[in-house]
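# Architecture at a glance
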Amino acid sequence: TAIEITMTGATFSFSRETAFAVTGAQVTALLSEQPVPMHETIFASSGDILSIGRASAGCRSYLAVSGRLKADSFMGSESTYLPAAFGGFAGRALRDGDEIETDDFRRPERVETPWALRPFFNDRFVLQVIKGPDFALLSDPSVLFDAEFTASQRSSRMGVRLEGHELKLADSSSLKSSAVFPGTIQCPPDGNPFALLVDGQTTGGYPHILQVSKADRFQLGQVRPGGKVRFVARSADYAAESYRSRYEAYASWLSGPVI
């Protein structure tokens, strides 16, 4: 369990000795006014204050600590699902003054993410995609791969709406609802596609035109409003091999399970 910080930054005060790391979007982090690097184990003492600044590129940064953050569990997960207000910290976003408890404290060895495994974001994203089951409903699918889309202000953990090039559907009749997943890209009647994120629904009736490769799905959570997105078509076999390579690269470094 970690703390997700969206764009604007956050400040934390440590009441006990703690080891922590900051990853995700590009941010400046200060521990008691001293700069600390991302992707590296940092040790804080009781009374230290960690300030994580506004994201300069990407959308979400993450704070992980040694031991375990105490959080509400729902259906086997401690993630917060804001729309339904369950999980995490009372099912809501953190507020000024909240106190988050930890247990199982341990002092780990200092480690850092290898450079080859660190993602770097510049708010221009190239996503590998596989054609979805309703791809054939597009009257001019070439625009998907020739154009650059812009993430709109209507973006959240549920999905990212893409604008700049309206898609045309050869058949605008409604479809039966079918299964959708994080990374599914659907096209509503207005022609502005949207990509589902981790809080997206499980079924949908809009045409499922593309599916983001699992190897690139992590990038979707870093697309901020105004960010640019391009799609690159891949075969299912290519996408599977790309994910396998990423999995093996992380598994060779991490001792725990890789998702």
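Bear in mind that the values here come from a model prediction, so they are computed numbers and not experimental data. Numbering of residues starts from 1 in each chain and follows the order in which that chain's sequence is written. Since the coordinates come from a predicted model, pLDDT governs what is reported: local features require at least 70, and pairs of side-chain atoms require 80 or more to be given and counted, while whole-chain, interface and lining totals use all residues. Side-chain measures here rest on the full set of heavy atoms in the structure, leaving out hydrogens and waters.

### Notes on the overall build of the chain
Here is the rule: A run of DSSP states H or I qualifies as a helix once it reaches four residues; a run of E qualifies as a strand once it reaches two. Both are numbered from the N-terminal end. Computation of the radius of gyration draws on C-alpha atoms, with the globule rule given as 2.2 Å multiplied by the number of residues to the power 0.38. Each residue is assigned to one of three classes by its accessible area relative to the maximum for its type, calculated with a 1.4 Å probe on protein chains only: buried under 20%, partly exposed between the two thresholds, exposed over 50%. Contact definition: two residues touch when any of their heavy atoms are within 4.5 Å. The accessible surface values rely on the Shrake-Rupley method and a 1.4 Å probe; as for residues, cover is taken only from the protein chains in view. Positive charge is attributed to Lys and Arg, negative charge to Asp and Glu, and no charge count is given to His or to the chain ends. Charge positions are represented by NZ for Lys, CZ for Arg, CG for Asp and CD for Glu.
Each helix and strand counted, the chain has 3 helices and 19 strands in total. The C-alpha atoms of the chain give 20 Å as radius of gyration, which agrees with the globular expectation for 259 residues (18 Å, within 12%). Viewed in the frame of its principal axes, the chain has a C-alpha envelope of about 60 × 35 × 30 Å. By residue count, 38% of the 259 residues in the chain fall in the buried class. In the chain, once contacts between residues fewer than 6 apart in sequence are set aside, the share between residues at least 24 apart is 72%. Surface accessibility of the chain: about 14,300 Å² in total, with carbon and sulfur atoms responsible for 52%. The distance from the centre of the 26 positive side-chain charges to the centre of the 29 negative ones in the chain is 3 Å.

### Overview of the sheet that holds strand 11 (residues 124–131)
Basically, it comes down to this: Any two strands with at least two DSSP-identified bridges between them are counted as paired. Here, axes are lines fitted to C-alpha atoms. For helices the fit covers the stretch in contact, and angles between N-to-C directions go from 0 to 180 degrees.
Read around the barrel, 7 strands follow the order 11-18-15-16-13-12-19 and close on themselves; strand pairing throughout is mixed. Direction aside, the axes of adjacent strands within the sheet are offset by 40° on average. Pairing geometry for strand 13 (residues 159–163) and strand 16 (residues 194–196), over 3 bridges, is antiparallel. Bridged to glycine 159 within strand 16 is leucine 196.

### With respect to the sheet that holds strand 2 (residues 10–13)
The 4 strands are arranged 2-7-4-5 in an open sheet whose pairing can be described as antiparallel. Each edge of the open sheet is held by one strand with a lone partner, namely strand 2 and strand 5 (34–36). Taking the axes of each pair of neighbouring strands and ignoring which way they run, one obtains an average angle of 25° across the sheet.

### Section: the environment of histidine 39
Here histidine 39 lies in the loop between strand 5 and strand 6 (42–44). Separated by 75 residues in the primary sequence, histidine 39 and proline 114 place their C-alpha atoms 8.6 Å from one another. If near-sequence neighbours (up to four positions away) are discounted, histidine 39 is found in contact with Val22, Thr23, Gly24, Val111, Glu112, Thr113, Arg118 and Pro119.

### A word on the pattern of salt bridges
Worth spelling out the cut-off: By definition, a salt bridge exists where a carboxyl oxygen of Asp or Glu is found within 4 Å of a side-chain nitrogen of Lys or Arg.
As enumerated under the stated definition, the model contains 14 salt bridges in all. A salt bridge links arginine 92 to aspartate 98; its shortest N-O distance comes to 2.9 Å. In this structure arginine 92 comes out as partly exposed when scored by relative accessible area, which is 21%. Here glutamate 163 makes a salt bridge to arginine 161, at a shortest N to O gap of 3.5 Å. Judged by relative accessible area, glutamate 163 falls into the partly exposed class, the value being 32%. Residue classification places arginine 161 among the buried residues on the basis of a relative accessible area of 14%.

### Section: the packing of aromatic side chains
Where two aromatic rings form a pair, the distance of their centres and the angle of their planes describe that pair. Convention followed: The criterion for an aromatic pair is that two Phe, Tyr or Trp rings (for Trp, the six-membered ring) have centres within 6.5 Å, with stacked assigned to planes under 30 degrees apart, edge-to-face to planes over 60 apart and tilted to the rest. Throughout this description, the term charge over a ring refers to an Arg CZ or Lys NZ atom that lies within 6 Å of the ring centre and within 35 degrees of the ring normal.
This structure, assessed with the given rule, holds 9 aromatic pairs. It is arginine 107 that lies over the ring of phenylalanine 43; its NZ or CZ is 4.1 Å from the centre. Seen from the ring of tryptophan 115, arginine 118 lies directly overhead, with NZ or CZ sitting 4.5 Å from the centre.

### A word on the nonpolar core
Counted only if it meets this: The definition of a nonpolar core used throughout is a set of buried Ala, Val, Leu, Ile, Met, Phe, Trp, Tyr and Cys residues joined through side-chain atoms within 4.5 Å.
Membership of the largest hydrophobic core comes to 26 residues, with the highest contact counts inside it found for Leu144, Leu167, Ile185, Ile209, Leu210 and Phe231. Those elements giving two or more residues to this core turn out to be strand 11, helix 1 (142–146), strand 12 (149–155), strand 13, strand 18 (208–212) and strand 19 (228–233). Aside from chain neighbours lying at most four places away, what touches phenylalanine 231 is Leu127, Val129, Leu144, Phe145, Phe149, Leu162, Ile185 and Leu210. One finds Ile3, Phe12, Val27 and Leu31 within the second-largest nonpolar core, a separate group that totals 20 residues.

### Things to note about the pairing of strand 12
The pairing of strand 12 with strand 19 spans 2 bridges and is antiparallel. From the neighbouring strand, threonine 150 faces strand 19, where its bridge partner is lysine 228. The hairpin turn running from strand 12 into strand 13, its antiparallel successor, is 3 residues long.

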